[in-house]
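Each chain is listed here by its residues.
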Amino acid sequence: DGRWSLNGTIALVTGGTKGIGHAIVEELAKFGASVYTCSRNEAELNECLKQWADKKFNVTGSVCDVSSRIERQKLMENVSTVFGGKLDILINNAGIGFGKPAAECTAEDYSHIMTTNFESALHLSQLAYPLMKASSSGSIVFISSIGTVIVYEGASIYSASKGAMNQITKNLACEWARDNIRVNCIAPSVIKTPLVANLGLDEFLMKEASSVPLGRLGEPEEVASVAAFLCLPAASYVTGQIICVDGGRAQGSF
Ligand code: NDP
């Protein structure tokens, strides 16, 4: 059934070497998409590309720091060259975590987080627009956070970068609807990825897991399946949505 297939589609997933992005690359590839991905660490990227080739997934990629405007332009040029100007799916996943009390945040903290997490996603969507328009269909998915729904201590700037993402989801969805480009956003709660493991907040994670109504933290694959659904023709009437993938966490603390 073509409504549940991504055969013949081209997808760009930023930050595909680890965590949620890695799981999304694999999920889209399993549904038949040709996937292009990027990360900053070249050795890790090449290792992932090798593993995907071994699994017979159609995945290519190149190094890109999405916080750089010039590197974003270069990335989209690469995608356009590799796929003959075609692009159907953009997953704005690459992002960094950040925690600090608001009173201590510096101008550099603000610009680093906003540039990496928000401006990159907005600009890549702008760069993808002409390619998707040429394909006469498109699906853009942002990876936001439930930090935009409930407040996590020390997460003011991080959550603001994601709140801005939630907002452009709605605006781009409306502006680009007549081009048959759908724009949606996933807001996950805490997912077991290297980002979270590297925070070194074991006590917080134990407490957080027990606060989730489903009683545990999430897995990257549980976000990836929702991202894939949003890109499928089966989701053809879904646009402008912010979907919590959170085990019920946004409903409160249990
Ligand atoms: P990880 O740190 O585990 O993986 C991030 C991936 O993105 C890596 O492949 C990393 O590779 C890449 N990346 C990071 N910065 C850049 C950059 N500047 N340019 C290009 N690639 C980059 O993160 P997660 O999988 O946990 O998070 C993915 C997204 O999900 C983020 O946007 C995060 O904010 C969001 N999220 C995560 C949650 C969680 O609990 N894990 C909860 C809610 C949202 P490299 O470092 O080599 O560049």
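Above this text is the structure in question.
Residues numbered from 1 in each chain as written. Predicted model: local features only at pLDDT ≥ 70, side-chain atom pairs only at ≥ 80, totals over all residues. Heavy atoms only, no water.

A. Quick look at the pattern of salt bridges. In this structure the tally under the stated criterion is 10 salt bridges. Ionic pairing is found between Glu219 and Lys192, a salt bridge with its closest N-O pair at 2.9 Å. Of the two residues, Glu219 sits in the loop between helix 7 (202–211) and helix 8 (220–231) while Lys192 sits in the loop between strand 6 (181–188) and helix 6 (194–197), which places them 27 residues apart along the sequence. Exposure remark for Glu219: the relative accessible area of 29% places this residue in the partly exposed category. Here Arg216 and Glu222 are joined by a salt bridge, their closest N and O atoms 2.8 Å apart. Judged by relative accessible area, which is 32%, Glu222 ranks as partly exposed. Via salt bridges that share partners, Arg69, Arg72 and Glu119 belong to a single interconnected network. (Salt bridge = Lys/Arg side-chain N within 4 Å of Asp/Glu carboxyl O. Helix = DSSP H or I, 4+ residues; strand = E, 2+ residues; numbered from the N terminus. Buried < 20%, exposed > 50% of the residue type's maximum accessible area, 1.4 Å probe, protein only.)

B. Up close: the packing of helix 3 (residues 69–82) against helix 4 (residues 107–135). Interhelical geometry of helix 3 versus helix 4 gives an angle of 35° and a closest axis separation of 10 Å. Taken as a pair, helix 3 and helix 4 cross one another with a handedness that is right-handed. Only Thr115, Glu119, Ser120, His123, Leu124, Leu127, Ala128 and Leu131 of helix 4 make contact with helix 3, whose side of the interface consists of Arg69, Arg72, Gln73, Leu75, Met76 and Ser80. Class assignment for the residues of the contact of helix 3 with helix 4 results in six nonpolar, five polar and three charged. (Axes fitted to C-alpha atoms, helices over the stretch in contact; angles between N-to-C directions. Left-handed = near helix turned anticlockwise from the far one by under 90°. Contact = heavy atoms within 4.5 Å. Nonpolar A, V, L, I, M, F, W, Y, C, P; charged D, E, K, R; others polar.)

C. A look at the site of the ligand. In the vicinity of the ligand, 30 residues are found, and the nearest of them are Thr17, Asn93, Tyr158, Ile191 and Thr193. One nitrogen or oxygen atom from the main chain of Cys64 is found 3.4 Å from a nitrogen atom belonging to the ligand. Taking Val66, its main chain carries an N or O atom lying 2.9 Å from a nitrogen atom of the ligand. Burial of the ligand by the surrounding chains reaches 94%, relative to a free accessible area of 890 Å². When atoms are counted within 2 Å of each cavity's grid points, the one that captures over half of the ligand is the largest pocket. For the shell around the ligand, the elements supplying multiple residues, two or more each, are helix 1 (19–30), helix 5 (156–175) and helix 6. If you tally residues by element for the shell around the ligand, the top one is helix 6, at three residues. Each residue belonging to the shell around the ligand can be placed in one class, and the counts come to 13 nonpolar, 13 polar and four charged. (Near = heavy atom within 4 Å. Polar contact = N/O pair within 3.5 Å; in protein donor to acceptor, adjacent residues only side chain to side chain. Areas by Shrake-Rupley, 256 points an atom, 1.4 Å probe, with all protein chains shown as cover. 1 Å grid on protein atoms, 1.4 Å probe; cavity = no way out; pocket = protein on both sides within 12 Å on 5 of 7 lines; lining within 4 Å. Sits in = over half its atoms within 2 Å of the grid points.)

D. Highlighting the packing of aromatic side chains. Tallying each qualifying case throughout the model produces four aromatic pairs. Aromatic side chains Tyr36 and Phe83 sit 6.4 Å apart centroid to centroid with 85° between the ring planes, which places their arrangement in the edge-to-face category. Highlighted residues: Tyr36 in strand 2 (residues 34–39) and Phe83 in the loop between helix 3 and strand 4 (89–92), separated in sequence by 47 residues. Exposure class is identical for Tyr36 and Phe83. Each is buried. On the numbers, 4.5 Å between centres and 20° between planes, the contact of Tyr129 with Trp176 is stacked. One end of the pair, Tyr129, is in helix 4; the other, Trp176, is in the loop between helix 5 and strand 6, and 47 residues separate them in sequence. (Phe/Tyr/Trp six-rings, centres within 6.5 Å; stacked < 30°, edge-to-face > 60°.)

E. Inspection of the environment of Ile181 at higher detail. Inspection of the secondary structure assignment puts Ile181 in strand 6. In this structure, the C-alpha to C-alpha distance between Ile181 and Glu219, residues 38 residues apart in sequence, is 28 Å. Apart from residues no more than four positions distant in its own chain, Ile181 is found in contact with Tyr129, Met132, Lys133, Gly138, Ile140, Ala173, Trp176 and Thr239.

F. Just the sheet that holds strand 1 (residues 10–14), in detail. Here we have seven strands laid out as an open sheet, ordered 3-2-1-4-5-6-7, and parallel in their pairing. The open sheet terminates on both sides in strands that have one partner only, identified here as strand 3 (59–63) and strand 7 (242–245). Neighbouring strand axes in the sheet, compared pairwise and without regard to direction, differ in orientation by 20° on average. With four bridges joining them, strand 6 and strand 7 adopt parallel strand pairing. From the neighbouring strand, Ile186 faces strand 7, where its bridge partner is Ile243. Against the sheet, helix 3 contacts strand 1, strand 2 and strand 3, and its axis sits at roughly 155° relative to strand 2. Helix 8 rests against strand 4, strand 5 (138–143), strand 6 and strand 7 of the sheet, and its axis sits at about 165° to strand 6. (Pairing = 2+ DSSP bridges.)

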